[in-house]
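# Examining the three-dimensional arrangement
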Amino acid sequence: MTAEWHEIVHRTLKANEVRLVTYVPDKVLTPLIAGIERDPYFTIFATAREEEAVGIVAGAWMGGMRGVVLMQTSGFGTIANALASLAVPYQIPVLMIVSERGTLGEFNLGQALVCRTMRPVLDSLGIENHSITRLDELEFIIDRSIKQAVATQAPAAFILSPLLTGGKVFAA
Amino acid sequence: MPTNAKVMNRFDLTKRLVAKLTHGEAVVAGIGNTNFDLWSAGQRPQNFYMLGSMGLAVPIALGVALAQPGRKVVALEGDGSMLMQLGALGTIATLAPKNLAIVVMDNASYQITGAQKTATAFKTDIPAMARGAGLAQALWAADEPEFEQLVARALAEPGPWLIAARIDQEPGIGTTDRDPARIRDRFMRGLGVRE
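Cut-off values and rules
- Residues numbered from 1 in each chain as written.
- Chains lettered and ligands numbered in written order.
- Predicted model: local features only at pLDDT ≥ 70, side-chain atom pairs only at ≥ 80, totals over all residues.
- Pairing = 2+ DSSP bridges.
- Helix = DSSP H or I, 4+ residues; strand = E, 2+ residues; numbered from the N terminus.
- Axes fitted to C-alpha atoms, helices over the stretch in contact; angles between N-to-C directions.
- Contact = placed C-beta atoms within 7 Å.
- Core = buried A, V, L, I, M, F, W, Y, C linked by C-beta atoms within 7 Å.
- Buried ≥ 20, exposed ≤ 12 C-beta atoms within 10 Å, placed from the backbone.
- Right-handed = clockwise from strand over helix to strand, strands pointing away.

Another aspect to go through is the sheet that holds strand β8 (residues 161–166) of chain B. All names here are of chain B. Read across the open sheet, the six strands follow the order β2-β1-β3-β4-β8-β7; overall the sheet is parallel. Edge positions in the sheet fall to β2 (47–49) and β7 (138–140), since each of these pairs with one other strand and no more. Sheet twist, expressed as the average angle between the axes of neighbouring strands with direction ignored, equals 15°. Across the sheet, helix α7 (residues 144–156) lies against β4 (100–106), β7 and β8, angled at about 165° from β8, the strand it touches most.

Contacts between the two partners involve 26 residues from chain A and, on the opposite side, 28 residues from chain B. At nine residues, helix α3 (residues 50–62) of chain A tops the list of elements feeding residues into the side of chain A that touches chain B.

A general feature of soluble globular proteins is that nonpolar side chains tend to end up buried together. With 113 residues, the main nonpolar core has V54(A), V57(A), V28(B), A61(B) and I163(B) as its most contacted residues. Counting residues per element, this core draws most heavily on helix α3 (residues 57–67) of chain B, which supplies nine residues. Among residues more than four places away in sequence, those in contact with A61(B) are G59(A), V28(B), V73(B), V74(B), A75(B) and L100(B).

Cis geometry marks the peptide bond from G159(B) to P160(B); its omega dihedral reads 0°. Assignment of secondary structure puts P160(B) in the loop between α7 and β8. Residue E17(A) is not a glycine yet carries a positive backbone phi of 60°. Within the secondary structure, E17(A) sits in the loop between α1 (5–15) and β1 (18–23). Judged by the 11 C-beta atoms lying within 10 Å of it, E17(A) is exposed. Backbone geometry places A96(B), a non-glycine residue, at a positive phi of 50°. The residue A96(B) is located in the loop between α5 (87–95) and β4 in this model.

Turning our attention to the pairing of β1(A). Two faces belong to every sheet, and in a regular strand the side chains alternate between them. Residues and elements named next belong to chain A. Taken across its six residues, β1 has five buried, putting it largely inside the fold. Two strands pair when backbone bridges link them, and β1 and strand β3 (residues 66–72) are joined in this way by five bridges, in the parallel orientation. Looking at β3, one finds that T22 is bridged to V69. Where β1 and strand β2 (residues 43–46) come together, four bridges link them in parallel fashion. The partner of V21 across the bridge, within β2, is I44. With helix α2 (residues 30–37) bridging β1 and its parallel neighbour β2, the resulting β-α-β unit is right-handed.

Pasting the structure below:
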């Protein structure tokens, strides 16, 4: 049986010793969050804001613990300053997993607009980012990119496309 | 400001705090004068200085505290920065890290940008908000001896703690290093993460 996307993300984080998982939730991320909550290897909790999570993960890295921030597109839209004034200049490998809203059948105009700001922000800050659409590429991209983020002391973002996760579907 | 606490001086209190750090305690200081006074109170490899990311000193300190549960971690913040990231108080109350203390230097203003008033100049009480968030040990320091007493307790007894001090409008002393990679590397070495 083929593993589901969230099972692959879960085991790849574990294989790379990413023990701290912080999040502001998203419907699409529910099975990933639920799976990690059941695994005592991880410390996982919700924060009030995504930039708070970026700060926590940055602090944990400096204290010797690897961490990741889970969020949705609109949450990414709130963290440009934390990336530009903390993670990037201090060379801290803050890992980000973003559930992509705002495209491929989005029904909320606010989500669609904020989605268009995400890649320009990542690119203008020189942050390594991958849009993941295929299950067969998921483990390779995340595994290699975590290793690169740690080795090069740089943040990295993984954008989970609705092509991978199924996305959120509007109940018409 | 809804407290009768004495108006004290940030640099004086920061020196009193630093004098009590004898076990390699980590200190994460927020941007601006909080940072500058920590720097001028004597540089320690376990100090982290922010150059931006206003409001994130407390979350960064929480991250350090989670990664190193055996080390006490102090977040030093101003009132403006604390007001910017109040949700973090709920996160901390939920996680209840025993090794975390927050010290808020409250001059009721955004002092460094021209001393515009913050909400604490009027009705807002940061320790009361912290208690509302679920941090039971959130207190005003009435004067310098009580500040020292509360810091000593926060370093010796299980946290989380929030200690607020009412301070004057004196500017910060000096400025920090401006090289973020060096600040981060020195901090990691100070925490024993790097050799």
